[in-house]
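Chain by chain, the residues run as shown.
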Amino acid sequence: MRILVTNDDGIYSPGILALARAAQRFGDVRVVAPDVEQSSMGQAITSTRPLSYRATKLDGIEAYRVNGTPADCVALGAHNWEQVDAVLSGINLGPNLGNSTWHSGTLAAAKQAALLGLRGIALSTPAGSSEPDFDRIEPYVLRILECLLRHPELPLVNVNIPRDPKGLRWTRQAVRFYDGAVVPGEDPMGRKHFWLTVRPTEGAEEGTDLWAVREGFVSLTPLRLDLTDHAELTRVVREIPLD
Ligand code: MN
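On a predicted model such as this, the values are computed, not experimentally measured, just so you know.

A. Representation of the packing of aromatic side chains in the model. Inspection of every chain in the model, using the stated rule, returns two aromatic pairs. Taking the centre distance of 4.5 Å and the plane angle of 10° together, the rings of Tyr53 and Tyr64 count as stacked. Remark: Tyr64 occurs in strand β4 (residues 61-66) and Tyr53 occurs in strand β3 (residues 53-58); sequence separation between them is 11 residues. Pairing Trp211 with Phe217 gives two aromatic rings, centres 6.4 Å apart and planes at 25°, and the pair type is stacked. For the pair formed by Trp211 and Phe217, the shared burial category is buried. When the ring centre of Phe217 is taken as reference, the NZ or CZ atom of Lys166 above it lies at 5.3 Å. The positively charged end of Arg169 is found above the aromatic ring belonging to Phe217, 4.0 Å away from the centroid.

B. Molecular detail of the packing of helix α2 (residues 70-80) against helix α3 (residues 105-115). Where α2 contacts α3, the two axes come as close as 8 Å, and the packing angle between them is 30°. In terms of axis orientation, α2 runs roughly parallel to α3. Crossing of α2 against α3: the hand is right-handed. Residues Pro70, Ala71 and Val74 of α2 touch α3, and the partners they reach there are Gly105, Ala109, Gln112 and Ala113. Taken together, the residues of the contact of α2 with α3 sort by class into five nonpolar, two polar and no charged.

Rules behind the numbers
Residues numbered from 1 in each chain as written. Predicted model: local features only at pLDDT ≥ 70, side-chain atom pairs only at ≥ 80, totals over all residues. Heavy atoms only, no water. Phe/Tyr/Trp six-rings, centres within 6.5 Å; stacked < 30°, edge-to-face > 60°. Helix = DSSP H or I, 4+ residues; strand = E, 2+ residues; numbered from the N terminus. Buried < 20%, exposed > 50% of the residue type's maximum accessible area, 1.4 Å probe, protein only. Lys NZ or Arg CZ within 6 Å of the ring centre and 35° of its normal. Axes fitted to C-alpha atoms, helices over the stretch in contact; angles between N-to-C directions. Parallel < 35°, antiparallel > 145°, perpendicular 65-115°, else oblique. Left-handed = near helix turned anticlockwise from the far one by under 90°. Contact = heavy atoms within 4.5 Å. Nonpolar A, V, L, I, M, F, W, Y, C, P; charged D, E, K, R; others polar.

In structure tokens, the structure reads:
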């Protein structure tokens, strides 16, 4: 099995090394990742300049760094390595839950894989002031990969691993709250500026990704690229006739 590993934290993040090492138990691994952090870049691709694809060292694992976005890395990675079976993205330093997934570069890499007809799996874990303990969550990472890689009918899955997991749960995306916030401030010259940041949200419905991680469970959310609101489509076709 050919496994392409990428992320949005940059190729030298400890999270991608932990993921690549775990992935080696399941097949041939190649890392193709951004040369610098690309968090919150979503699924942007670079179309106004050429991209570089440079071999680098990553603890003995074949690796290439790209001066582009996570989606660029998946596009180049799949172009330069035929017959990739799965794309793994992460392990992100920080969760990708609920509506925050719209901005996620980690999840976007997995979505780019799905767009190319490949399987995409995004993995994230909370990061506070200290780095996540990747040795501690490794048994869960292996269990997740074993479960998901064995089920090729799942094209796109968003996985979030709490600090100290107590089990695995299938979940749906939490869509009730959005944690994005604009925080005004001042630079050292006294000029006004703004931080786009996140604020903690209260409450999470049972069965959602947010709920699972708060309860200490690994959250696995099957996703699809089709954003069509099928229920609304059926309704408007019936109730709002067009031409
Ligand atoms: Mn990130």
